[in-house]
Amino acid sequence: MDRRSVRHAGVLTCIPVTLVLVALLSLAAPAPAKAAGWEIQLQGQDTWVEHVSAVSDTDAWLIQDDPPKLMHTGDGQYWYDADNTGLTGDLDTVAFATSLVGCVLAHSGKVAYTTDGGANWDIVQTTCSSGEISFADSKNGWMGGLNPRGKLLHTTDGGATWEEQQFETPAANSVAGVAAVDAQTCWALVGTAAGPEVLRTTNAGVSWTHIAVPAPAEAFLCTIAASDADHAWLGGGTNSSRLIMATADTGATWSTQLSASSGGYVESLDVLKDGLHAWAVAGDGVVFSTTDGGTTWGAQVSGVGTILLDVDFVDASTGWATGTSGVVLHTSDGGGPADKTPPVTTPSRRNGCWVNASNANLGFTATDAGGVGAWRIYYAVDGGPQSWGWAGGFTVTLASPPSDGAHTIKYHAVDKAGNEEQDRTFTLNVDTKPPVAGGLKKTAVKRGKYATIRFTVNDLPPCAGTAGANIVIARKGKLPSLTAGTPLKKAGKQTFRFKCKLKKGVYQVFVTGRDAAGNLSRKTLKSTLTVK
């Protein structure tokens, strides 16, 4: 299984990241039933768990920091402190070739290696730091990193000794990833001042072939994985999409297998030796998987929304993924089915509604029930350029002052898997002209009888052709005795009828016209109501 390091910032670099996990779970507790899909084994700490190395369905290792620590599970469920390596300072990566043979790389360049499953460790100093290790078997492996420039080191004795290899890329800022295939074959991802480059050896590193990568200019490439000497995959992304590229001809040509319209990079890839089963992890807790070598990729529901940083599988069923917030995920069924359902956007108003100059806006939210989670909502107003807002909620406001008439907003949501909702259209009708009220006359009524107040409200175009009124009845100098609103109906003659329970006396009547857009008449009508 290939291991990864931290990467990307302008020119692809290999940057040490603090990895932290706080977890010492009770070994006496009974093992819980294994859940379908991804289950959360650890979560909730302000920590980063960036590297995991899986050996079997019960045996896996990870590293944490604050303080730096090596963790181990021997039953596939519970993690405990296995930090007897003798290393000090920050830890960069962990890689186990078998249940017995493994290495831990410290930021200082020291490597602790074991041949007895972590019971005992020896330490060797190397010329590499801030890197990662990938084993092809129990003897052969490669280390990539920097010190201060990109470094490639090779071992043929399970990590006891490391020999620096030359790859003739003097401008290399870092070796951001290595993927060992067998004793002779390894791939590496290198960051240079000119952009990313792939290296490949088929003679145990005696010589390296330099391979150009036709990635988009704005893309960052973060990780590399390989299944054999011909097939390799690269992961990364841009500010608006996740990217997976692949080659099936030793790097001669590269195809884009995934370009999902969602944020964050593909941080880590793991590919099985069959070249068919692979997984990729990214921000927002998204796990992508394929069972056909990347012809199709689907996003799995992980149950977390944090950035996932590493993934490692032992077979088509069993694997682990780790990330920020102390997250450790486990699956025993390959991670479950892919989320292929697009999100659903909900506008805050009824389609075709009327608004005025003060509220010419429309709110949007999107949900992705049972899926990986809604990400963005894209929209365009009146055929203009496309913009976007976060799926959690935002408001689109028409240009001020808005013009009267119908405005169309085309919109659709995208989830974290890249599933896109079909375009939908909302019509927002704007009416900035107030209605005109008139015709209010004096009224008299006996107490206990029905009083009828008559007036007119006309709605000037553009309009919905409907109008109503706000009515206040009060004695002079006192709080209102009655406030009411008449329903919107066809503009013109209006009446307000109510059973009069007011005390005898003379009341003032105030009528303000109101149209469907919420505009109020500039003039408030005034008259009297006499209760006998």
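Our subject is the structure that appears above.
These remarks concern the structure in this document. (Residues numbered from 1 in each chain as written. Predicted model: local features only at pLDDT ≥ 70, side-chain atom pairs only at ≥ 80, totals over all residues. Heavy atoms only, no water.)

What follows concerns the packing of aromatic side chains. Within this structure, the stated rule accounts for 13 aromatic pairs. With centroids separated by 5.8 Å and ring planes inclined at 90°, the aromatic side chains of W38 and F313 adopt a geometry described as edge-to-face. Taken as a pair, W38 in strand β1 (residues 38-42) and F313 in strand β26 (residues 308-313) lie far apart in primary sequence, 275 residues in all. When sorted by exposure, W38 lands in the same class as F313, which is buried. Between F96 and W121 the ring centres are 6.2 Å apart and the planes differ by 85°, which places this aromatic pair in the edge-to-face class. (Phe/Tyr/Trp six-rings, centres within 6.5 Å; stacked < 30°, edge-to-face > 60°. Helix = DSSP H or I, 4+ residues; strand = E, 2+ residues; numbered from the N terminus. Buried < 20%, exposed > 50% of the residue type's maximum accessible area, 1.4 Å probe, protein only.)

Our focus in this paragraph is the side chain of R242. Summarising the element assignment, R242 is placed in strand β20 (residues 242-247). Look at R242 and you get buried, because its relative accessible area is 0%. Reaching out from R242, the side chain makes a polar contact with the backbone oxygen of G283 at a distance of 2.8 Å. In this structure the side chain of R242 is engaged in a polar contact, spanning 2.7 Å, whose partner is the backbone oxygen of K416. (Polar contact = N/O pair within 3.5 Å; in protein donor to acceptor, adjacent residues only side chain to side chain.)

With that out of the way, let us pick up a positive patch on the surface. A surface patch of positive charge is lined by K446, K449, K499, K501 and K532. Along the polypeptide, K446 turns up in the loop between β39 (443-445) and β40 (450-458). Using a relative accessible area of 58% as the deciding quantity, one classes K446 as exposed. (Patch = residues over 30% accessible without salt bridge, like charges linked within 9 Å, V, L, I, M, F, W, Y side chains within 5 Å. Areas by Shrake-Rupley, 256 points an atom, 1.4 Å probe, with all protein chains shown as cover. Salt bridge = Lys/Arg side-chain N within 4 Å of Asp/Glu carboxyl O. Lys, Arg positive; Asp, Glu negative; His and termini not counted. Charge placed at Lys NZ, Arg CZ, Asp CG, Glu CD.)

Once that is clear, we can look at the nonpolar core. Counting residues in hydrophobic clusters, the biggest one holds 22 residues, and the most contacted among them are I453, F455, I473, F498, V511 and L529. If you list the elements that add at least two residues to this core, you get β40, β41 (466-474), β44 (492-499), β45 (505-515) and β46 (525-531). In this view, I473 contacts I453, P480, S481, L482, F498, L502, Y507, Q508, V509 and L529; residues no more than four positions away in its chain are not counted. In this structure, C353, V355, A360 and A374 belong to the second largest nonpolar core, which totals 19 residues. (Core = buried A, V, L, I, M, F, W, Y, C linked by side-chain atoms within 4.5 Å. Contact = heavy atoms within 4.5 Å.)

Moving on, we get to the pairing of strand β27 (residues 319-323). For β27, the buried fraction is high: 5 of the 5 residues fall into the buried class. Where β26 lies against β27, 5 bridges are found, and the strand directions are antiparallel. From the neighbouring strand, D312 faces β27, where its bridge partner is W320. Hairpin connection between β26 and β27: a loop of 5 residues separates the two successive antiparallel strands. Where β27 folds back on strand β28 (residues 328-331), the antiparallel hairpin that results is connected by 4 residues, among which S325 adopts a positive phi of roughly 60°. (Pairing = 2+ DSSP bridges.)

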